[in-house]
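# Results of the structural survey
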Amino acid sequence: MSESLHSPPVIPSRRPGFRVCYICGREFGSQSIAIHEPQCLEKWRIENSKLPKHLRRPEPSKPQPLRGLELTDREIMTRAEVGCSTD
């Protein structure tokens, strides 16, 4: 088979008005994210506590909103992963 027949994967864009949970990465509406995040964090704590101590991870912290910039959640997470500054 020829390599030229394969196209790169298509990554669907984030739906407008939805927020991404910083813990699990799922999308939620602006009202339901406030309900979801505390429950998701509690579930994360329970699952993390079941792991052996050497495999436990530090608790995820909620990212602070960037001042004066209108960035999508994907752009914020990408910048955080590569260590980019938003200044």
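It should be emphasised that the depicted structure is a prediction, and the values quoted were computed from it without experimental measurement.

## Brief notes about the overall build of the chain
In terms of regular secondary structure, the chain is built from two helices and two strands. Of the regular secondary structure in the chain, the N- to C-terminal order runs β-β-α-α. Relative to all contacts within the chain whose residues are 6 or more apart in sequence, the contacts with residues 24 or more apart total 23%. Per element, the accessible surface of the chain, about 7,600 Å² overall, is 56% carbon and sulfur.

## Description of the side chain of Glu37
Its location among the elements puts Glu37 in helix α1 (residues 32-49). Owing to a relative accessible area of 11%, Glu37 belongs among the buried residues under this scheme. Excluding residues within four positions of it along the chain, Glu37 makes contact with Cys21, Tyr22, Ile23 and Lys62.

## Brief notes about the confidence of the model for the chain
The predicted model of the chain averages 79 in pLDDT, with 61% of residues at 70 or higher. Within the chain, α1 carries the highest mean pLDDT (96), whereas helix α2 (residues 73-82) carries the lowest (66).

## Quick notes on the nonpolar core
One broad rule of soluble globular proteins: the nonpolar side chains tend to lie buried together. In terms of nonpolar packing, the biggest core is built from six residues, these being Cys21, Ile23, Phe28, Ile33, Cys40 and Leu41. Considering each element in turn, this core owes the most residues, three residues, to α1. If sequence neighbours within four positions are ignored, Cys40 has contacts with Cys21, Ile23 and Cys24.

## Topic: the pattern of salt bridges
Under the defined criterion, the tally for this structure stands at four salt bridges. One salt bridge in this structure joins Lys62 and Glu37, with 2.9 Å as the shortest N-O distance. Of the two residues, Lys62 sits in the loop between α1 and α2 while Glu37 sits in helix α1, which places them 25 residues apart along the sequence. The salt bridge partner of Glu47 is Lys50, with a shortest N-O separation of 3.5 Å. Residue class for Glu47 comes out partly exposed when judged on its relative accessible area of 42%. Connected through salt bridges with shared partners, the residues Glu42, Arg45 and Glu59 form a single ionic network.

What counts, and at which threshold
Chains are numbered independently. Their residues run from 1 in the order of the written sequence. Side-chain atom pairs in this predicted model are given and counted only at pLDDT of 80 or more, local residue features only at pLDDT of at least 70, and totals for whole chains, interfaces and linings cover all residues. Here the side-chain values reflect all heavy atoms present in the structure, with hydrogen atoms and water set aside. Secondary structure elements are defined from DSSP: runs of H or I of at least 4 residues count as helices, runs of E of at least 2 residues count as strands, and each element is numbered from the N terminus. Note on contacts: a residue pair is in contact if any heavy atoms of the two residues lie within 4.5 Å. Residue-level accessible areas treat just the shown protein chains as cover; the underlying method is Shrake-Rupley with a 1.4 Å probe. Three labels apply to residues, based on accessible area from a 1.4 Å probe with only protein chains included: buried if under 20% of the type maximum, exposed if over 50%, partly exposed otherwise in between. Per-residue confidence from the predictor is given as pLDDT, running between 0 and 100. Definition of nonpolar core: a set of buried residues of the types Ala, Val, Leu, Ile, Met, Phe, Trp, Tyr and Cys, connected through side-chain atoms within 4.5 Å. Salt bridges are defined by distance alone: a side-chain nitrogen of Lys or Arg within 4 Å of a carboxyl oxygen of Asp or Glu.

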